[in-house]
Amino acid sequence: MTPEVFNAPFKGRSLLNWIDWTPDEINTVLNIALQVKKEKRAGEVHQRFLGKSIALLFEKRSTRTRCSFETAFGEEGGHPVFLSNQDIQLGGKESIEDTACVLGRMFSAIEFRGFKQEHVELLAKYSGVPVYNGLTDDFHPTQALADIMTLFERFGKLKGLHLVYSGDGRNNVARSLMLISAKMGINFTVLTPPELNPDQEILSICEPFAKESGATITVTDKISLVKDADAVYTDVWTSMGEEALKEERTKLLSPYQVNTKLMNAVCKPEGIFLHCLPAVKGEEVTTEVFESENSLIWEQAENRKHTIKAIMLSTL
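Residues numbered from 1 in each chain as written. Predicted model: local features only at pLDDT ≥ 70, side-chain atom pairs only at ≥ 80, totals over all residues. Heavy atoms only, no water.

A. View of the sheet that holds strand β1 (residues 53-58). If you walk across this open sheet you meet the four strands as β2-β1-β3-β4, and the pairing is parallel. What marks the edges here is a single partner per strand, and that holds for β2 (79-84) and β4 (131-135). Pairs of neighbouring strands in the sheet enclose a mean axial angle of 20 degrees, with direction left out of account. The pairing of strand β3 (residues 109-113) with β4 spans four bridges and is classified as parallel. Looking at β4, one finds that Arg 113 is bridged to Leu 135. (Pairing = 2+ DSSP bridges. Helix = DSSP H or I, 4+ residues; strand = E, 2+ residues; numbered from the N terminus. Axes fitted to C-alpha atoms, helices over the stretch in contact; angles between N-to-C directions.)

B. Molecular detail of the nonpolar core. Counting 57 residues, the largest nonpolar core has Trp 18, Tyr 132, Ile 148, Leu 151 and Met 312 as the members making the most contacts within it. When residues of this core are assigned to their parent elements, the largest contribution, eight residues, is made by helix α6 (residues 172-184). Formed by 22 residues, the second largest nonpolar core is a distinct cluster that contains Val 232, Cys 267, Leu 277 and Val 289. (Core = buried A, V, L, I, M, F, W, Y, C linked by side-chain atoms within 4.5 Å. Buried < 20%, exposed > 50% of the residue type's maximum accessible area, 1.4 Å probe, protein only.)

C. Highlighting the environment of Ile 96. Inspection of the secondary structure puts Ile 96 in helix α3 (residues 96-106). Taking the C-alpha atoms as reference points, Ile 96 and Val 120, separated by 24 residues in sequence, lie 8.9 Å from one another.

D. Region of interest: the environment of Thr 218. Note that Thr 218 resides in strand β7 (residues 217-220). Under the relative-accessibility criterion, Thr 218 is labelled partly exposed at 34%. Sequence separation of Thr 218 and Leu 191 is 27 residues, and the distance between their C-alpha atoms is 8.4 Å. Residues contacting Thr 218, with those up to four places away along its chain left out, are Phe 188, Thr 189 and Val 190. (Contact = heavy atoms within 4.5 Å.)

E. The arrangement of the sheet that holds strand β8 (residues 229-234) in detail. Here five strands make up an open sheet; going across it, the order is β7-β6-β5-β8-β9 and the pairing parallel. One side of each edge strand has no neighbouring strand; the edge strands of this open sheet are β7 and β9 (267-275). Mean inter-strand twist for the sheet, computed between neighbouring axes without regard to direction, equals 20 degrees. Judged from the five bridges that link them, β8 and β9 form a sheet pairing that is parallel. Across the sheet, the residue bridging to Thr 234 is His 275, located in β9. Along the sheet, helix α11 (residues 297-315) contacts β8 and β9; its crossing angle with β9, the most-contacted strand, is approximately 45 degrees.

F. Quick look at the packing of aromatic side chains. As enumerated under the stated definition, the model contains seven aromatic pairs in all. Both rings, one in Tyr 165 and one in Tyr 233, keep their centres 6.0 Å apart while their planes meet at 35 degrees; by these two values the pair is tilted. One end of the pair, Tyr 165, is in strand β5 (residues 162-166); the other, Tyr 233, is in strand β8, and 68 residues separate them in sequence. For the pair Tyr 165 and Tyr 233, a shared accessibility class is recorded, and that class is buried. (Phe/Tyr/Trp six-rings, centres within 6.5 Å; stacked < 30°, edge-to-face > 60°.)

G. Inspection of unusual backbone geometry at higher detail. Here the residue pair Leu 277 and Pro 278 is connected by a cis peptide bond, since its omega of 0 degrees sits within 30 degrees of zero. Inspection of the secondary structure puts Pro 278 in the loop between β9 and α10 (287-290). A positive phi angle, close to 45 degrees, is found at Ala 8, a residue other than glycine. Tracing the backbone through its elements, the reader meets Ala 8 in the segment before α1 (23-41). You will see that Leu 277, though not glycine, has its phi angle at about 65 degrees, which is positive. On the secondary structure map, Leu 277 appears in the loop between β9 and α10.

H. Layout of helix α7 (residues 200-213). In this model, α7 (14 residues) spans 20 Å end to end at C-alpha, consistent with the 20 Å of a helix rising 1.5 Å per residue. Maximum bend of α7: about 30 degrees, positioned at Glu 207, with proline Pro 208 one to four residues after it. Those residues of α7 that sit buried are Ile 202, Cys 206, Phe 209, Ala 210 and Ser 213. On the buried face of α7, the contacting elements are α6 and β7. For α7, the capping residue at the N-terminal end is Asp 199, with a side-chain oxygen 3.0 Å from the backbone nitrogen of Glu 201. Looking at the residues trailing α7, positive phi occurs at Gly 214, about 90 degrees. (Expected span 1.5 Å × (residues − 1). Bend = angle between axes of the 7 residues up to and from the residue. Polar contact = N/O pair within 3.5 Å; in protein donor to acceptor, adjacent residues only side chain to side chain.)

I. Representation of the pattern of salt bridges. This structure, assessed with the given rule, holds 19 salt bridges. Among the charged side chains, a network of salt bridges with common partners joins Glu 39, Lys 40, Arg 48, Glu 75, Glu 76, Lys 305 and Lys 309. (Salt bridge = Lys/Arg side-chain N within 4 Å of Asp/Glu carboxyl O.)

J. Looking closely at the pairing of β3. Of all five residues that make up β3, five are buried, and the element is covered over most of its length. With helix α4 (residues 117-127) bridging β3 and the parallel β4, this β-α-β connection has right-handed handedness. (Right-handed = clockwise from strand over helix to strand, strands pointing away.)

This is the structure we're talking about:
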């Protein structure tokens, strides 16, 4: 890894989703993530964010996203400032646009984790600094990058792998995995009941990317049709803000629980299990699979930090 790779190759750029990032650009960020992970393991200390600050805006609670941004930025000598919707007037007394203008004059970058994709896009439009989507109802791009990093570390490649997502096919994780898989040549299968199929908009967005990379995108409710997966991925059945639908989702998604039977049916023997966490063990995944030797959830969680640091290094 040459020193110039840390010289902000995408300086000033925001990450709202992966739609306008090319496969080569994603690979560049991924390579930086692999390098900073190596540095961390070697005990190296750097101060590449010295004199910089980041505003961390959180409407939704978080463990991995908050800890990743705070520690990644702080360890590089920068100053992260956590702001919940109890701390500032975001979209309340003050418009998103006005908040963006103020924060952009005070901070080097902004992270947003909340509900509306429109809000993170407005922050990027009006702030004048890089804005990072830490999760919205539509996309979770930093999670998806950590996921493909975990796949690359295990298999030494991305193109041609088969990733199966079993669960709610409409949620932000499924959408982001579909998008980054289409970009990177990963064959992606959504295993979900028809009521929870991905929307046509995201399928239409991903189709030309998949055609260019040679990836396939499959949506099915038939477990029997899914074979030879390299990885099986799941997420909670009820997303934040949809708690009232828990009973309905449980009924729809119980047949798609990731258990030993499903893993044996759809996955190669050397295939792995992934989960973005937090998990409700006994619902979307059994404890047996969650704690199995093929489960890479802790590597995946750690990789959130390295990929988020890489995103910031490449844009600041």
